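One letter stands for each residue in the lines below.
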Amino acid sequence: MAEQVIRGLGVSPGVVSAPWLRFGSQLETSAQDPVGDSPERELARVKDALGGVADEMAARAARVSGVAAEILTMSATMARDPGIVAATEKELAAGMPTAHAVHLAFEGFCAKLEALGGYMAERATDLRDIGGRTVAVLLGRPMPGIPEPGYPFVLVARDLAPADTAMLGDSDVVGLLTSEGGPTSHTAILAKSLGLPAVVNCPGTDLLVEGAPVLLDGTTGEVVIDPSQARQQDAAERAAADRARIAAASGPGRTADGTPVHLLVNIGTVDDAVKAGPVDSEGVGLFRTEFMYLGKPSEPSLDEQTASYTAVLEQFAGRRVVVRTLDAGSDKPLPFLDLGTEENPALGVRGLRIGTVFPQTLATQLTALARAGEATGAELWVMAPMVATSDEAAGFAALARESGLRKVGAMIEIPAAALRAVDLLTHLDFVSIGTNDLSQYTCAVDRMAGGLAHLLDPWQPAVLDLIAMVGAAGAAAGKSVGVCGEAASDPTLAPVLVGLGVTSLSMSVPALPAVRAALSAVDIDRCRDAADAACAARNPQLAREAVAAIVGHP
Ligand code: PEP
Ligand code: MG
């Protein structure tokens, strides 16, 4: 069969060539299936099945760590939700067969989540997965999920439920290909944290014949079906050359002429910190503190918070740790900060704005951070998320300094803040650009919306122009300008960001070596030329081509 090429969104770099297998699909249920003898007994079976699924999720959570463990714990909580039992009871009372009653109950909740859109709609995948597992238990059939063929393979799916992505690290999966999902889906985030090449949002996966080889490029998003022997050989050679080139660079980040670019990592938990501590990095550029609060029914006390932050900072004695204060609300709701229902939570009370509704929560966090900073030898920097105006920046800086914090900054995630970066920097010691949110607000597109992913591209010239404004403001003030969104992990974009005036890049641990190697190959003048060329381009594709012509492909 001749080669065929399909294209999606490359979300986790690397090239891999292997046979592909489809994710084990959900079992079908129907209203025509045989009905159990008594609704009460059937409900008891359902409760047992749900309990078993919850226990299995919790046991899996205990075997893994970090984001994967949090996701699995959340799934276990969903399986224990009494609302599911109540909805199933109703379906059983209406005469539905047991497995179908469970299916209908879960679908009812999924439809509600999907109607809410954004983050909540993405949770429907998680919930549907729990429903599928419960149905499999009730029918005595194998669990839907990741195949275990005993050889390396590329996993193909519509989108992956967190419970399954969380087990990827333990499987034979060497690459991921999904027809749905966006750049911020669980699939994308976990693939990156595991260093697995991944392409999402790829139409045409139905062209694939199971078991046939595919060649997947997680950088370009290109997928070659039935690649020729020559192409497979070429990909293997390129991958080996890449590995050698990346392994050759180490130590602090710098361009070919020695201009320093601090290379830092993103973390969210104590566990992440313990793992990232020994990594060859200059510290942490983004500690997403809200990850420690997700799923907690009440606000952790001052002492608890101090202990957690101390445990994180201890891992980085002598190095920089940029801590972001709570970024709750919108896509990261916290149970103990009840913001009521908002029509458009991404434009509502989130990030630093939470501090105006719950001032004590912010004050406690700042005090805990100051105490942890005193107790450890890390160089503590603290910044606020979602700052829009220079008055907000001034207010936050005053509060943080009163709490005893010395290095205070803000994230630039809102175009207004980028446009007035000069004003913001009069109050702050540094800024860090969150390109995930900056892209969403610049092009007015929900960052969770896979179908609009092309508008979330940080290579959009309008986003680059805003970054250029922040870079220039930082240079004029002699203050540090970081990038800590996903854009920082793109080795092709790194020289552009540096050319725009960015002085540090913070990313997931597996992404760092490739970015370090890419920077070490270009001097600062080339970075500036690349930045000029990218900003002069009319669209992301032309920007990428113009930059490649100047710095080559990393
Ligand atoms: C960002 O918006 O780019 C960012 C780093 O913050 P988060 O992804 O946590 O919103
Ligand atoms: Mg953000």
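This report concerns the structure included in the present document. Just so it is clear, the structure is predicted and the values come from calculations on it, not from any experiment.

## Some remarks on helix α13 (residues 390–402)
For α13, spanning 13 residues, the distance from its first C-alpha to its last is 18 Å, which sits close to the expected 18 Å at 1.5 Å a residue. All buried positions along α13 are accounted for by S390, A393, F396, A397 and A400. The arc that holds the buried residues of α13, viewed along the axis, is 120 degrees, so those residues lie on one side. Of the exposed residues in α13, those oriented more than 90 degrees away from the buried face are D391 and E402. Looking at the buried residues of α13, the elements they touch are α12 (359–375), β12 (379–384), β13 (407–412) and α15 (421–425). G404 lies just past α13 and shows a positive phi near 100 degrees.

## Description of the coordination of the magnesium ion (ligand 2)
At this site the magnesium ion (ligand 2) is bound by E413 (OE) and D437 (OD), with donor distances of 2.0 Å. Placement of the pair is E413 in the loop between β13 and α14 (415–419) and D437 in helix α16 (residues 435–442), with a sequence separation of 24 residues. When sorted by exposure, E413 lands in the same class as D437, which is buried.

## A word on the pattern of salt bridges
Tallied over the full model, the rule gives 23 salt bridges. Here D129 ties to R133 by a salt bridge, and the two come within 3.2 Å at their closest N and O atoms. Of this pair, D129 and R133 both sit in helix α5 (residues 118–139), 4 residues apart, which is roughly one turn of that helix. Each of the two residues, D129 as well as R133, counts as buried. Of the charged contacts, one joins R544 and D457 as a salt bridge, the two residues approaching to 2.9 Å between their closest N and O atoms. On the criterion of sequence distance, the pair formed by R544 in helix α21 (residues 540–551) and D457 in the loop between α16 and α17 (461–477) is long-range, its members being 87 residues apart.

## Examining the packing of aromatic side chains
Tallying each qualifying case throughout the model produces 3 aromatic pairs. Aromatic side chains W381 and F430 sit 4.7 Å apart centroid to centroid with 50 degrees between the ring planes, which places their arrangement in the tilted category. Taken as a pair, W381 in strand β12 and F430 in strand β14 (residues 430–433) lie far apart in primary sequence, 49 residues in all. Comparing W381 with F430 shows no difference in burial state: the two are buried. One Lys or Arg, K112, reaches over the ring of F109 and ends 5.2 Å from the middle of that ring. Seen from the ring of W381, R320 lies directly overhead, with NZ or CZ sitting 4.0 Å from the centre.

## What about the site of ligand 1?
The local shell around ligand 1 holds 14 residues, among which R288, R324, G434, N436 and R447 are the closest. Between ligand 1 and the protein, one listed contact pairs an oxygen atom with a backbone N or O atom of T435 at 3.1 Å. Protein coverage of the free-state accessible area of ligand 1, which is 290 Å², stands at 99%. Elements with a minimum of two residues in the shell around ligand 1: β10 (283–288) and α16. With 3 residues, the top contributor of residues to the shell around ligand 1 is α16. Considering only residue class, the shell around ligand 1 consists of 3 nonpolar, 4 polar and 7 charged.

Cut-offs used in this document
- Residues numbered from 1 in each chain as written.
- Chains lettered and ligands numbered in written order.
- Predicted model: local features only at pLDDT ≥ 70, side-chain atom pairs only at ≥ 80, totals over all residues.
- Heavy atoms only, no water.
- Helix = DSSP H or I, 4+ residues; strand = E, 2+ residues; numbered from the N terminus.
- Expected span 1.5 Å × (residues − 1).
- Buried < 20%, exposed > 50% of the residue type's maximum accessible area, 1.4 Å probe, protein only.
- Arc of directions from axis to C-beta.
- Contact = heavy atoms within 4.5 Å.
- Donors = N, O, S within 2.8 Å, 3.2 Å for Na, K, Ca; no water.
- Salt bridge = Lys/Arg side-chain N within 4 Å of Asp/Glu carboxyl O.
- Phe/Tyr/Trp six-rings, centres within 6.5 Å; stacked < 30°, edge-to-face > 60°.
- Lys NZ or Arg CZ within 6 Å of the ring centre and 35° of its normal.
- Near = heavy atom within 4 Å.
- Polar contact = N/O pair within 3.5 Å; in protein donor to acceptor, adjacent residues only side chain to side chain.
- Areas by Shrake-Rupley, 256 points an atom, 1.4 Å probe, with all protein chains shown as cover.
- Nonpolar A, V, L, I, M, F, W, Y, C, P; charged D, E, K, R; others polar.

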